[in-house]
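What the coordinates show
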Amino acid sequence: MHRSLVALMLTCLVGSSTAEAEVRGAAGASLDCSSGRYWKRTTTALEGLAKSDPCAMGELAGRYLDRPSTVAAFAKAAELNRRAHDGGALASCALFYYGIGGARDLPRAAACLERTEQWSWAAFMYATGQGVPRDLRRAEALLAKVDYPDCTTSSVRDAIEAAKRGSARSSPDWCEHGACTTLDANACDAISVLRGRYASARRREVVESKLGPRERRALARLEKVFDAFALADRAQVYDRWIDGSIRNARALQREKLLREGFDRAVEKMVVEGTLPPRSSADVERLREALEAEDTACLLYT
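Described below are features of the structure shown in this document. (Residues numbered from 1 in each chain as written. Predicted model: local features only at pLDDT ≥ 70, side-chain atom pairs only at ≥ 80, totals over all residues. Heavy atoms only, no water.)

Bringing the overall build of the protein into the picture now. Looking only at helices and strands, the protein has 16 helices and 0 strands in total. Here the protein holds 301 residues, and 42% of them are scored as buried. Of the roughly 16,200 Å² of accessible surface on the protein, a fraction of 53% belongs to carbon and sulfur atoms. (Helix = DSSP H or I, 4+ residues; strand = E, 2+ residues; numbered from the N terminus. Buried < 20%, exposed > 50% of the residue type's maximum accessible area, 1.4 Å probe, protein only. Areas by Shrake-Rupley, 256 points an atom, 1.4 Å probe, with all protein chains shown as cover.)

Here is the structure:
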């Protein structure tokens, strides 16, 4: 899945914190941002509109998420997402809930989830008391709005019953303890990839602070080669699981693991100085092993 599709999934799931009551009060009717006036616009045009238009802010936030991953780009996306939400437009609730691009903002996340009618996730927050006072009656009322109960609603129901027994989880997490259906799992995998990209950008910022201009250019070239490899490997995993409903989840998780390994190797090389040198023979053996794995995967499919 291209990064823009990850951003789109988060949108469809769809600065400083104000008082909880003020934030929750913003959960009412949202603006209609569905017009092609926004997504058909160039980024430059949107930047002009985003000075005062909440819908343009929300669209522009998605554009920043689709840019090469830098801490500054994520911070700008988070700021625009917050301003879009506060202005009455739909926003990415995941950015608030998981603190992508800035600090976590659970009160805004709860308000955002209600505005976007993500009833199960909103009910989960009230059942577990995340960012809002625990309110089991409200959690049950929100859960009752779900048209077709499924395993996700069952997970939330379990959280409500656990709270009634006084045995609620001390550190609840929506994607780990609430989301259950294939659709929810795919959305959470998209969120996981975005969280991984943000963590990677923060780690890379530390790495680049240790490098001079020449070394930074070399790292940029290395990252470009790695990106192509990671995307190709993800596509291969997707094809291997093409007949399964979790094919997208498998592919996204594969890319996430690859990127975490790449980031760690760069850290060990640049920041810690603990990455052992590799000879040409070592590189060739690794290349042969990778080719053998590729061949086995192709035979498997």
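There is more to say after this.
Now for the packing of helix α5 (residues 54-65) against helix α6 (residues 71-86). Contact pair α5 / α6: the axes reach a minimum separation of 8 Å and the direction vectors enclose 160°. Relative to α6, the element α5 is oriented roughly antiparallel. Crossing angle aside, the handedness with which α5 passes α6 is left-handed. Contact residues: α5 offers P54, M57, G58, L60, A61, Y64 and L65, while α6 offers A73, F74, K76, A77, L80, N81, R83 and A84. When the residues that make up the contact of α5 with α6 are grouped by side-chain class, the tally is 11 nonpolar, 2 polar and 2 charged. (Axes fitted to C-alpha atoms, helices over the stretch in contact; angles between N-to-C directions. Parallel < 35°, antiparallel > 145°, perpendicular 65-115°, else oblique. Left-handed = near helix turned anticlockwise from the far one by under 90°. Contact = heavy atoms within 4.5 Å. Nonpolar A, V, L, I, M, F, W, Y, C, P; charged D, E, K, R; others polar.)

Turning to its location among the elements, D189 is positioned in helix α13 (residues 182-208). Within the buried set, D189 has no salt-bridge partner at all; the shortest N-O distance to an opposite charge, 8.2 Å, is to K256. With near-sequence residues (within four places) excluded, D189 lies in contact with A249, L252 and Q253. (Lys, Arg positive; Asp, Glu negative; His and termini not counted. Salt bridge = Lys/Arg side-chain N within 4 Å of Asp/Glu carboxyl O.)

To continue, consider the state of the cysteines. What the rule picks out here adds up to 4 disulfides. The partner cysteine of C33 in its disulfide is C55, sulfur to sulfur 2.0 Å. The chirality of the disulfide connecting C33 with C55 is left-handed, given an S-S dihedral of about -65°. Placement of C33 in the loop between α2 (20-24) and α3 (36-39) and of C55 in helix α5 is noted, with a sequence separation of 22 residues between them. Through a disulfide, C93 is tied to C112; the S-S separation comes to 2.1 Å. Given an S-S torsion of about -80°, the disulfide between C93 and C112 has left-handed geometry. Of the two residues, C93 is situated in helix α7 (residues 93-98) and C112 in helix α8 (residues 106-115); the sequence distance between them amounts to 19 residues. (Disulfide = S-S within 2.5 Å.)

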